[in-house]
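For reference, the chains in residue letters:
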Amino acid sequence: MVKEIESVNDFIMNGQFKTAPFGMDKTEFIEQFGKSEDNLTVSEKDTRISLLKYGITEFYFAEPHNYEKLNGVLFQPMTFPSDNLKFEIDLQWITNDLTYGEVRDILNRDGIEFEEKKDEIQQNIIETPSEVRFYFYDEEDKELEDWELNKFGRFKI
């Protein structure tokens with residue numbers, strides 16, 4: 001079986017994967033893409049799975065879909081890729097040491113529109129029109145340009 005290949009740039013521009021679109025049923029997701037290497041449940045008492053983790057990629061199943069439909073994808077570049085996921089993500093330029101300035105420069109280079117702004121809790125972020133958000137470690141001893149990428153993704157709420 002040949003793995004589907006998804007592009008991180010396509011995800012950033014479109015806000016979702018073709019292979020795993022938002023709203024995909026969790027049972028179908030697991031059947032199609034395989035067992036995750038880790039998961040989280042809603043709580044100790046409520047054992048419904050709310051997150052499936054495959055290396056640097058986390059897939060969220062949360063309210064308002066009663067934890068049964070995909071509604072978030074988050075990349076954590078500081079962790080390691082996984083072979084468990086039965087589709088491949090071409091991370092292209094994503095590395096674990098990217099800075100704010102480098103992300104901005106690469107998005108410009110690749111013709112991906114974005115806006116530099118503050119989110120609801122006043123964090124400096126970069127956001128694309130497809131609502132993919134890049135979050136950075138708030139490093140007070142460094143200029144914003146040198147802050148390192150923490151995570152990026154999109155939640156469809």
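Per-chain numbering applies: the sequence of each chain, read as written, is numbered from 1 onward. At least 70 in pLDDT is required for a residue's local features to be given in this predicted model, at least 80 for side-chain atom pairs to be given and counted, and no such filter applies to totals for whole chains, interfaces and linings, which use all residues. To get the side-chain values, take all heavy atoms of the structure and skip hydrogens and water.

A. Region of the structure containing the overall build of the chain. Working definition: helices are DSSP H or I runs of at least four residues, strands are E runs of at least two. Numbering for both runs from the N terminus. When helices and strands are counted, the chain shows three helices and 10 strands. Going residue by residue from the N terminus, the α and β elements of the chain occur as β-α-α-β-β-β-β-β-α-β-β-β-β. Computation of the radius of gyration draws on C-alpha atoms, with the globule rule given as 2.2 Å multiplied by the number of residues to the power 0.38. Against the 2.2 N^0.38 benchmark of 15 Å for 157 residues, the chain shows a C-alpha radius of gyration of 16 Å, consistent with a compact globule. For the chain, the C-alpha atoms occupy an extent of roughly 45 × 40 × 25 Å along the three principal directions. The contact criterion used is simple: two residues touch if any of their non-hydrogen atoms lie within 4.5 Å. A separation of at least 24 residues holds for 46% of the contacts in the chain among residues at least 6 apart in sequence. Note on areas: Shrake-Rupley, 1.4 Å probe, and residue coverage restricted to the protein chains presented here. Here the chain displays about 8800 Å² of accessible surface, and carbon together with sulfur accounts for 46% of that area. Residues scored as charged are limited to Lys and Arg (positive) and Asp and Glu (negative), so that His and the chain ends carry no count. Here the site of a charge means NZ on Lys, CZ on Arg, CG on Asp, or CD on Glu. Here the chain contributes 18 positive and 35 negative side-chain charges, whose respective centroids are spaced 6 Å apart.

B. Structural context of the packing of aromatic side chains. The rule is short: rings of Phe, Tyr and Trp, with Trp giving its six-membered ring, pair when the centres are within 6.5 Å, and they are stacked under 30 degrees, edge-to-face over 60, tilted in between. Considering all chains together, one arrives at 14 aromatic pairs under this definition. Measuring from ring centre to ring centre gives 5.7 Å for Phe-29 and Phe-61, while their planes differ by 75°; the resulting arrangement is edge-to-face. You can see Phe-29 sitting in helix H2 (residues 26-33) and its partner Phe-61 sitting in strand E4 (residues 57-61), a full 32 residues away along the chain. Taken together, a centroid distance of 5.0 Å and an interplanar angle of 15° make the contact between Phe-134 and Phe-152 stacked.

C. Quick look at the side chain of Glu-127. Its location among the elements puts Glu-127 in strand E8 (residues 124-127). Exposure is judged per residue with a 1.4 Å probe applied to protein chains only, and the accessible area is read against the type maximum: over 50% gives exposed, under 20% gives buried, and values in between give partly exposed. Residue Glu-127 is classed as buried on the basis of its relative accessible area, which comes to 12%. Here Arg-133 takes part through its side chain, which lies 3.3 Å from a polar atom of the side chain of Glu-127. Filtering out sequence-adjacent residues up to four positions away, Glu-127 remains in contact with Phe-114, Glu-115, Lys-117, Val-132 and Arg-133. We call two N or O atoms a polar contact when they sit within 3.5 Å, provided that within protein one can donate a hydrogen and the other can accept it, with sequence-adjacent residues counted only if both atoms are side-chain atoms.

D. Focus on the sheet that holds E4. Only when DSSP finds a minimum of two bridges between them are two strands counted as paired. Read from one edge to the other, the open sheet built from eight strands follows the order E2-E3-E4-E5-E10-E9-E8-E7, with strand pairing classed as antiparallel. Two strands close off the open sheet at either side, each with one partner strand: strand E2 (38-41) and strand E7 (115-118). Taking each pair of neighbouring strands and ignoring which way they run, the sheet shows an average axis angle of 20°. With three bridges connecting them, E8 and strand E9 (residues 133-136) associate as antiparallel partners. Counted as the bridge partner of Ile-125 is Tyr-135 from E9. Lines fitted to C-alpha atoms define the axes, with helix axes restricted to the stretch in contact, and inter-axis angles between N-to-C directions lie between 0 and 180 degrees. Lying on the sheet, helix H3 (residues 100-109) is in contact with E7, E8 and E9; it crosses E8 at an angle near 15°.

E. A look at the pattern of salt bridges. Salt bridges are counted wherever a side-chain nitrogen of Lys or Arg sits within 4 Å of a carboxyl oxygen of Asp or Glu. The tally for this structure, following the rule as stated, stands at 13 salt bridges. Across the pair Arg-109 and Asp-110 runs a salt bridge whose closest N-O atoms are separated by 2.9 Å. Taking the relative accessible area as the measure of exposure, Asp-110 reaches 28% and is therefore partly exposed. Salt bridges linked by common partners bring Arg-104, Asp-105, Glu-116 and Glu-145 together as one network.

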